[in-house]
Amino acid sequence: DESNNYSISALGFSTFVMNLVGVDEFGHPLGDEATMSYACNRADVLDTCLRIESTLSPDMKQSIYQKTGAPLHPAYALPQLVAFYDTTDSDNTHLVEKVDQWKSISSICLSRWTGRSHAQIPMSYSEASWTGLLSFSSCTWNDEVMSILEKSCNLNVLPPLSDFD
């Protein structure tokens, strides 16, 4: 059978714009309610974004923008994650406890295709930059944004970061 005469030596995958999917301890996606997207237009996320913005000085907003390349906006992960974790909706609070980590769509696929644990698959710098949480000069989660986010959740829910070759 000729179909067995090859081996896969590399695999590439690309997703465009911001996406985060909450997964449980086994790497299984938790559903639409635990999904963040650049196309978010929920009123609670807009309210959260305005609330966060009202607590920041103009200098802090500018600093975050300069370091991440992203303005404070509902399309980015910060207000979506804060709204998710600060929810008082009883239907959503059970999900908060189940999220083991936030993953990109491509990292979920790579985990499944390679058989590696979801915890072993990092998020690429490119994907992380789309979240608005990454300091692009250091390729790390931005400290100023993390100081806002850690008021709502344990930062261990964010995936490790890595360059993909």
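Residues numbered from 1 in each chain as written. Predicted model: local features only at pLDDT ≥ 70, side-chain atom pairs only at ≥ 80, totals over all residues. Heavy atoms only, no water.

### What to know about helix α1 (residues 43–55)
In an α-helix, one turn spans 3.6 residues, which is why side chains three or four residues apart end up on the same side.
So, step 1. With 13 residues, α1 extends 19 Å from end C-alpha to end C-alpha; this agrees with the ideal 18 Å at 1.5 Å per step.
So, step 2. Among the residues of α1, Val45, Thr48, Cys49 and Ile52 are the ones counted as buried. All buried residues of α1 fall inside an arc of 100° around its axis, so they share one side. Turned more than 90 degrees away from the buried face of α1 sit Ala43, Asp47 and Ser54, all of them exposed.
So, step 3. Of the surrounding secondary structure, the elements contacted by the buried residues of α1 are α3 (77–85) and α7 (143–149). (Helix = DSSP H or I, 4+ residues; strand = E, 2+ residues; numbered from the N terminus. Expected span 1.5 Å × (residues − 1). Buried < 20%, exposed > 50% of the residue type's maximum accessible area, 1.4 Å probe, protein only. Arc of directions from axis to C-beta. Contact = heavy atoms within 4.5 Å.)

### Quick look at unusual backbone geometry
So, step 1. In this structure, Cys139 takes a positive phi of about 55° despite not being glycine.
So, step 2. Here Cys139 lies in the loop between β5 (134–135) and β6 (140–141).
So, step 3. Under the relative-accessibility criterion, Cys139 is labelled partly exposed at 27%.

### Observations concerning the packing of aromatic side chains
So, step 1. Going through the model one piece at a time under the given rule, you end up with 3 aromatic pairs.
So, step 2. Judged by centre distance (5.2 Å) and plane angle (85°), the rings of Phe84 and Trp102 are edge-to-face. Pair noted here: Phe84 is in helix α3 and Trp102 is in strand β3 (residues 101–103), with a separation of 18 residues, a long-range link.
So, step 3. The class for Phe84 is buried, based on a relative accessible area of 2%. (Phe/Tyr/Trp six-rings, centres within 6.5 Å; stacked < 30°, edge-to-face > 60°.)

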